[in-house]
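# Coordinates in review
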Amino acid sequence: MTIGTPSIGFIGGGNMAQAIIGGLLRAGVPARQLAVAEPDDGCRHRLAALAAGMRLTAANHEVAALADVLVLAVKPQVMPAVLAGLASQQRPPGQLVMSVAAGMPVASITAALGANTAVVRVMPNQPATVGAGMSVLVASPAVNAGQRTLALELAATTGRALWIEDETLMDAVTAVSGSGPAYFYLLMELMEAGAVDLGLPRDLARTLVRQTALGAARTATDESRDLADLRRSVTSPGGTTAAALAVMEQAGIRETLCRALVAARDRSIELGRPSP
Ligand SMILES: NC(=O)c1ccc[n+]([C@@H]2O[C@H](COP(=O)([O-])OP(=O)(O)OC[C@H]3O[C@@H](n4cnc5c(N)ncnc54)[C@H](OP(=O)(O)O)[C@@H]3O)[C@@H](O)[C@H]2O)c1
């Protein structure tokens, strides 16, 4: 791993920052290279418990003044104020700014910090908190090859990480991997409730559903295997699985899922528009 030398600062120390910090620590990045600016005392205490030696402060400017890589991990609605603060202070030349704020385009960040700022926008997802995240990255023109390597390695400490070159795809990415965990949780939630309705004890239902989801996901991670083939391989004609899938098909599951993805993509476009 090349993440050996840079100092990495975080603005905002909430869920996503903690997921990335956990990943960096697991990857062997020393805590003394990490700094977090976080206004909430309780949150700073939780961060202090993650690792000794991390620099913790309530002042964004202290972290921004020192970090080679500055990760912006605040809610999107807080971003304009955070960017305004950063724009008005001295920061190291060549600092790489990584933003995980959903819906905020690279251009909005460079508009605030300067066109020559090296900016990487990342769309992570919640399983980053258990090291099984999916992060998609897009870079501003000022990001150099070394910074690209660094950004990808940093994102990959929380799971898989991939570059896209066309930022307009970020809205579809948000609809698929950003919001996607919730779709699977809903399916599992409904299966759990349905299993209880079938008479299974709740504890048993919980275990059966979650382990089945894990097993299916792990089987499907072999990308050389076609998903429709996998489905057919557990569906005997006239059998139990076929009976269940027929009900789902009749209920229009394919159209529903397509419409759901379009709705998420369109909402992402809407949220990313500059406010009038
Ligand atoms: N969590 C996810 O699954 C996920 C997935 C994809 C993208 N993201 C993106 O990740 C970003 C962070 O989300 P999160 O879930 O980590 O949110 P979070 O847990 O609320 O963390 C944000 C932290 O920033 C702090 N903060 C607020 N104002 C600040 C300021 N001016 N300067 C510095 N810190 C400030 C907040 O403190 P207070 O609580 O005191 O306000 C909070 O601790 C968001 O932009 C979100 O779009 C998250």
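Residues numbered from 1 in each chain as written. Predicted model: local features only at pLDDT ≥ 70, side-chain atom pairs only at ≥ 80, totals over all residues.

The subject of this paragraph is the domain arrangement of the protein chain. Looking at the protein chain, the domain boundaries give domain 1 (8-170) and domain 2 (178-271). On a C-alpha basis, the centres of domain 1 and domain 2 stand 33 Å from each other. Listed as interface residues are six residues of domain 1 and, on the opposing side, five residues of domain 2. Class assignment for the residues of the side of domain 1 that touches domain 2 results in three nonpolar, three polar and no charged. (Domains from an automatic or database assignment. Contact = placed C-beta atoms within 7 Å. Nonpolar A, V, L, I, M, F, W, Y, C, P; charged D, E, K, R; others polar.)

A few words now on the pairing of strand β1 (residues 8-11). Burial along β1 is two-sided: the face carrying Ile 8 and Phe 10 and the face carrying Gly 9 and Ile 11 are both buried. Where β1 lies against strand β2 (residues 34-37), four bridges are found, and the strand directions are parallel. Note that in β2 the partner of Gly 9 across the bridge is Ala 35. A crossover connection joins β1 to the parallel β2 through helix α1 (residues 15-26); in handedness this β-α-β unit is right-handed. The sheet contact formed by β1 and strand β4 (residues 69-72) spans four bridges and is parallel. Counted as the bridge partner of Ile 8 is Val 69 from β4. (Buried ≥ 20, exposed ≤ 12 C-beta atoms within 10 Å, placed from the backbone. Helix = DSSP H or I, 4+ residues; strand = E, 2+ residues; numbered from the N terminus. Pairing = 2+ DSSP bridges. Right-handed = clockwise from strand over helix to strand, strands pointing away.)

What follows is about the environment of Thr 117. Note that Thr 117 resides in the loop between α5 (106-113) and β6 (118-123). Counting along the chain gives eleven residues from Thr 117 to Ala 128, while the straight-line C-alpha distance between them is 26 Å. Other than its neighbours up to four places away in sequence, Thr 117 contacts Val 97, Thr 110, Ser 140 and Ala 142.

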